[in-house]
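Okay, here's what each chain looks like letter by letter:
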Amino acid sequence: MTRQILNSALDAVGNTPLIRLDRITKAEGLQCNLLGKVEYTSAGGSVKDRIAKRMVEEAEREGKLIPGQSVVIEPTSGNTGIGLAMACAVKGYSVIITMPSKMSLEKEAALRALGAEVVRTPTEAAWDSPESHIGVAQRLQKEIPGGIILDQYRNVNNPLAHEFTTGPEIIEAVTSTPSTSTAPSSSKVDVLVAGAGTGGTITGISRAIKKTHNPDCIVVGVDPKGSVLAVPDSLNTADAGAEYIVEGIGYDFIPDVLSRDPKDVDSWVKTSDEEAFAAVQKLMRVEGLLVGGSSGSALAGTLRWLKSDEGKKIAQTKGANVVILLADGIRNYMSKSWFLKLALEAEPSPLAKQISSVLHKS
Ligand code: PMP
């Protein structure tokens, strides 16, 4: 690809790298390849930039958005909001984002910096109550002239953005990288693992892979304990109603775009906050990847699945490609206590002790 001048930030959405996670693979004793699809390099910092761009551009094509008049209103855990606020900054639309209170201050700050209005809603409000981020968005849309909800939970352009961009990028990277003796590859996407919020990412990528590349690819969904998205439902009952800190994945209802079509997602795993944050630390410390909380869930879910009866054959297959969707970056979460704990309260390293003894020599 030749480098050219881009027309706007929107041209820097997506087109993200697929990176080998060799140090984790080795430490876990795996024979397969673990490959991270690293979405924080997208212009707005997450996988959700892609759907924001597509939902805005398709609404424009359909004549639903009018510059200077339309007010884009969207309930989101933050990242779709950042993508929308970025698109609307470039295109000249006003934006209101409704977001549960548990979501990070960093996301709110980015949204406000991009010119969006932000309304916080109680995290504990049920999705269909008037107080939830969805309910508040609907109330605002009824009253605010020009208000329009693009609705990531139902908009076909959410999964389509991934079917047309994220999926093909993964397929291209895997098929165009030669297999070598030091890095053997099946040249196929054998497994895809992704967390689900709206479900647009996992269903869209799954369709791209299964329709155009490898119908036998195993697609594994990751759902936090306390959420209801996993299938079968019995997976969700043990921790029903439990709170989880990880942001962007899990819900208390099944969004329309997560069709639960058994063809899209083959298997589900449930993950805890603790294992997700430990996995984030591993991705930072040994792979140098500044990923966010749900990326940790995706890695933790992958390792859990590879140890299961269903996954253990792939785990020991040389060259099998296991692609893990790493949805956003740690800069979204730097004020969160879980991050501060793992970054600043770690046991002092031998080097830290050495520094201290050098500096405090009397
Ligand atoms: N991780 C993060 C950090 C997110 O913001 C989202 C979007 N809610 C997801 C994962 C899940 O993406 P999707 O909504 O496409 O299922």
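All figures in this text were calculated on a predicted structure; none of them were measured in a lab. (Residues numbered from 1 in each chain as written. Predicted model: local features only at pLDDT ≥ 70, side-chain atom pairs only at ≥ 80, totals over all residues. Heavy atoms only, no water.)

A.B. asks: What is the right way to read the site of the ligand from this model?
C.D. replies: Taken together, 16 residues surround the ligand, and among them K48, G197, T198, T201 and S294 come closest. With respect to the ligand, the backbone of G197 contributes an N or O atom lying 2.7 Å from an oxygen atom. In this structure, T198 approaches the ligand through a side-chain N or O atom, which is 2.7 Å from an oxygen atom. Here the ligand, which alone exposes 390 Å², has 97% of that area covered by the protein. (Near = heavy atom within 4 Å. Polar contact = N/O pair within 3.5 Å; in protein donor to acceptor, adjacent residues only side chain to side chain. Areas by Shrake-Rupley, 256 points an atom, 1.4 Å probe, with all protein chains shown as cover.)

A.B. asks: Could you clarify how one ought to interpret the sheet that holds strand β6 (residues 147–149) in this entry?
C.D. replies: The strands that make up a sheet are held in pairs by hydrogen bonds between backbone atoms, and each pair lies either parallel or antiparallel. Ordered in space as β5-β4-β3-β6, the 4 strands form an open sheet in which the pairing is parallel. Of all the strands in the sheet, just β5 (117–121) and β6 have a single pairing partner and so form its edges. On average, each strand axis in the sheet is tilted by 25° relative to the strand beside it, whichever way the strands run. Along the sheet, helix α5 (residues 133–143) makes contact with β3 (71–75), β4 (94–100), β5 and β6, crossing β4 at roughly 150°. (Pairing = 2+ DSSP bridges. Helix = DSSP H or I, 4+ residues; strand = E, 2+ residues; numbered from the N terminus. Axes fitted to C-alpha atoms, helices over the stretch in contact; angles between N-to-C directions. Contact = heavy atoms within 4.5 Å.)

A.B. asks: How should I be thinking about α5 in this particular structure?
C.D. replies: Count 3.6 residues to each turn of an α-helix, and residues three or four apart come out pointing the same way. Restricting attention to buried positions, one finds in α5 the residues H133, I134, G135, V136 and A137. In this fold, the buried residues of α5 make contact with β3, β4, β5 and β6. (Buried < 20%, exposed > 50% of the residue type's maximum accessible area, 1.4 Å probe, protein only.)

A.B. asks: I would appreciate a short explanation of the side chain of Q152 in the present structure.
C.D. replies: Its location among the elements puts Q152 in the loop between β6 and α6 (157–176). According to the relative accessible area criterion, Q152 is buried, its value standing at 3%. If near-sequence neighbours (up to four positions away) are discounted, Q152 is found in contact with K48, I51, M55, E74, P75, T76, T80, N158, T198 and V257.

A.B. asks: Can you walk me through unusual backbone geometry in this structure?
C.D. replies: A negative phi angle characterises most non-glycine residues, just as the trans form characterises most peptide bonds. Between V231 and the following residue, P232, the backbone shows a cis peptide bond with an omega angle of 0°. Position of P232 among the secondary structure elements: in the loop between β8 (218–224) and α8 (234–237). Phi is positive for N15, close to 55°, though the residue is something other than glycine. Within the element layout of this structure, N15 appears in the segment before β1 (18–20). One non-glycine residue with positive phi stands out, namely S187, at about 60°. Here S187 lies in the loop between α6 and β7 (191–195). Of the residues examined, S187 reaches a relative accessible area of 29% and is grouped as partly exposed.

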